[in-house]
Amino acid sequence: MTQVGFLGCGKIGKTMIRHLKVRADHPIAFVQTPNFKGDINLDCPVVSTFDEDVCKADLVVECATPDVLKQQYQYYLRRSDMLILSLTAFSDDDFANKAYALCEKHGTNIFLAHGAILGLDGIFDARDILNNVTIETVKNPKSLGRSDTDRTVFFNGSTREACQLMPPKCQCSRCHRYGWPWL
Ligand SMILES: NC(=O)c1ccc[n+]([C@@H]2O[C@H](COP(=O)([O-])OP(=O)(O)OC[C@H]3O[C@@H](n4cnc5c(N)ncnc54)[C@H](O)[C@@H]3O)[C@@H](O)[C@H]2O)c1
């Protein structure tokens, strides 16, 4: 049976863990998350930072933040495949190239969760004949830290720029304590 571990245990992590445990009866190998509140019933080890004796799995699901992914991927891609949710990290070419190189070296794989961009597989297949792809996203202003009451255009530009301008906020106590710039 494939050993599955989790880096991150927020909304998506908890949903996937519940699905695996309850609907698929699939055990979880470990969860890495800071400040675990016990708001989901886990019978696997929970660690707040990477522990090489504990954080072992065939597949590690990253569902934390792009910054956490960039801090942690090197520990994992040396020995595990990763299913990555924080796709905006790949707008950083330096990170992307280092991650691909690690996979190449260690024979591991990265799986990208296309999520809200339905049809991404079709776009990927047709990439040689497409010149442009336009995506329009409508979001609750609160998710961008705004309080608009009327519908407005907040950003118009490349997806790469959007990824860099609007990374999800890291909730960990270390970031909050030091007031790191993405908060
Ligand atoms: N690809 C997709 O389809 C898709 C869709 C929605 C969200 N996302 C992305 O998935 C990620 C998770 O989304 P979410 O809604 O579950 O977010 P969330 O805010 O609910 O959870 C984030 C989790 O990150 C974890 N975390 C924070 N700091 C950490 C650290 N230092 N080490 C380990 N874990 C840490 C915590 O467990 C926290 O609960 C985000 O990057 C989000 O942008 C992807």
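Thresholds, definitions, all that
Residues numbered from 1 in each chain as written. Predicted model: local features only at pLDDT ≥ 70, side-chain atom pairs only at ≥ 80, totals over all residues. Heavy atoms only, no water. Patch = residues over 30% accessible without salt bridge, like charges linked within 9 Å, V, L, I, M, F, W, Y side chains within 5 Å. Areas by Shrake-Rupley, 256 points an atom, 1.4 Å probe, with all protein chains shown as cover. Salt bridge = Lys/Arg side-chain N within 4 Å of Asp/Glu carboxyl O. Helix = DSSP H or I, 4+ residues; strand = E, 2+ residues; numbered from the N terminus. Buried < 20%, exposed > 50% of the residue type's maximum accessible area, 1.4 Å probe, protein only. Core = buried A, V, L, I, M, F, W, Y, C linked by side-chain atoms within 4.5 Å. Contact = heavy atoms within 4.5 Å. Phe/Tyr/Trp six-rings, centres within 6.5 Å; stacked < 30°, edge-to-face > 60°. Pairing = 2+ DSSP bridges. Axes fitted to C-alpha atoms, helices over the stretch in contact; angles between N-to-C directions. Right-handed = clockwise from strand over helix to strand, strands pointing away. pLDDT = per-residue confidence, 0-100. Expected span 1.5 Å × (residues − 1). Arc of directions from axis to C-beta.

**Regarding a nonpolar patch on the surface**
So, step 1. Residues Ile-117, Leu-120 and Ile-135 make up a contiguous nonpolar surface patch of roughly 210 Å² in combined accessible area.
So, step 2. Mapped onto the fold, Leu-120 is located in helix H4 (residues 120–125).
So, step 3. What makes Leu-120 partly exposed here is its relative accessible area of 30%.

**Some thoughts on the nonpolar core**
So, step 1. By size, the foremost hydrophobic cluster in this structure holds 23 residues, and its most contacted members are Tyr-76, Leu-77 and Met-82.
So, step 2. Leave out the neighbours within four places in its chain, and Met-82 touches Leu-7, Leu-59, Val-60, Glu-62, Leu-69, Tyr-73, Tyr-76, Leu-77, Asn-109, Ile-110 and Phe-111.
So, step 3. Formed by 14 residues, the second largest nonpolar core is a distinct cluster that contains Leu-42, Cys-44, Leu-59 and Cys-63.

**Some details on the packing of aromatic side chains**
So, step 1. For the coordinates displayed, the defined rule picks out six aromatic pairs.
So, step 2. Note on Phe-30 and Tyr-76: the rings are 6.0 Å apart at their centroids and 0° apart in plane angle, and the pair reads as stacked. Placement of the pair is Phe-30 in strand E2 (residues 28–32) and Tyr-76 in helix H2 (residues 66–77), with a sequence separation of 46 residues. Assigned by exposure class, Phe-30 and Tyr-76 land together as buried.

**Points about the sheet that holds strand E4 (residues 59–62)**
So, step 1. The six strands are arranged E3-E2-E1-E4-E5-E6 in an open sheet whose pairing can be described as parallel. Here the strands that pair on one side only, and so sit at the sheet edges, are strand E3 (46–47) and strand E6 (110–112).
So, step 2. In the sheet, strand E1 (residues 4–7) pairs with E4 via four bridges, with the strands oriented parallel. When the bridges of E4 are listed, Leu-7 appears paired with Glu-62.
So, step 3. Seen against the sheet, H2 touches E1, E2, E4, strand E5 (81–84) and E6 and runs at an angle of roughly 155° to E5.

**Remarks on the environment of Val-60**
So, step 1. Position of Val-60 among the secondary structure elements: in strand E4.
So, step 2. Among the residues examined, Val-60 registers a relative accessible area of 0% and is labelled buried.
So, step 3. Along the sequence, Val-60 and Ala-96 sit 36 residues apart, while their C-alpha atoms lie 17 Å from each other.
So, step 4. If sequence neighbours within four positions are ignored, Val-60 has contacts with Gly-5, Leu-7, Phe-30, Tyr-76, Ser-80, Asp-81, Met-82 and Leu-83.

**Regarding the pairing of E4**
So, step 1. Across the two faces of E4 the burial is the same, with Leu-59 and Val-61 and Val-60 and Glu-62 all buried.
So, step 2. Two elements, E4 and E5, share four bridges in a ladder whose sense is parallel. Opposite Glu-62, over in E5, you have Ile-84 as the bridge partner.
So, step 3. Taking the sense of rotation as the criterion, the β-α-β connection linking E4, H2 and E5 turns out right-handed.

**Structural notes on the confidence of the model for the protein chain**
So, step 1. Here the protein chain averages 89 in pLDDT, while 91% of its residues score no lower than 70.
So, step 2. For residues 175–183, every residue scores under 50 in pLDDT, and the model assigns this stretch 14 contacts once sequence neighbours within four places are set aside.

**Side note on helix H1 (residues 11–23)**
So, step 1. The end-to-end C-alpha distance of H1 is 17 Å, a good match for the 18 Å that 13 residues give at a rise of 1.5 Å each.
So, step 2. Taken as a whole, H1 has its buried residues at Gly-13, Lys-14, Ile-17 and Leu-20. The buried side chains of H1 occupy one side of the element, clustering within an arc of 135° when seen end-on. The exposed residues of H1 that point more than 90 degrees off its buried face are Lys-11, Thr-15, Val-22 and Arg-23.
So, step 3. Where H1 is buried, its residues contact E1 and E2.

**Concerning the pattern of salt bridges**
So, step 1. All told, the structure shown has six salt bridges when counted by the stated rule.
So, step 2. The shortest N-O distance in the salt bridge between Lys-21 and Asp-43 comes to 3.6 Å. Of the two residues, Lys-21 is situated in helix H1 and Asp-43 in the loop between E2 and E3; the sequence distance between them amounts to 22 residues.
So, step 3. Judged by its relative accessible area of 67%, Asp-43 is exposed.
So, step 4. A salt bridge links Asp-94 to Lys-98; the nearest nitrogen and oxygen atoms lie 3.1 Å apart. Here Asp-94 pairs with Lys-98, and both are found in helix H3 (residues 93–106), just four residues apart, close to one helical turn.

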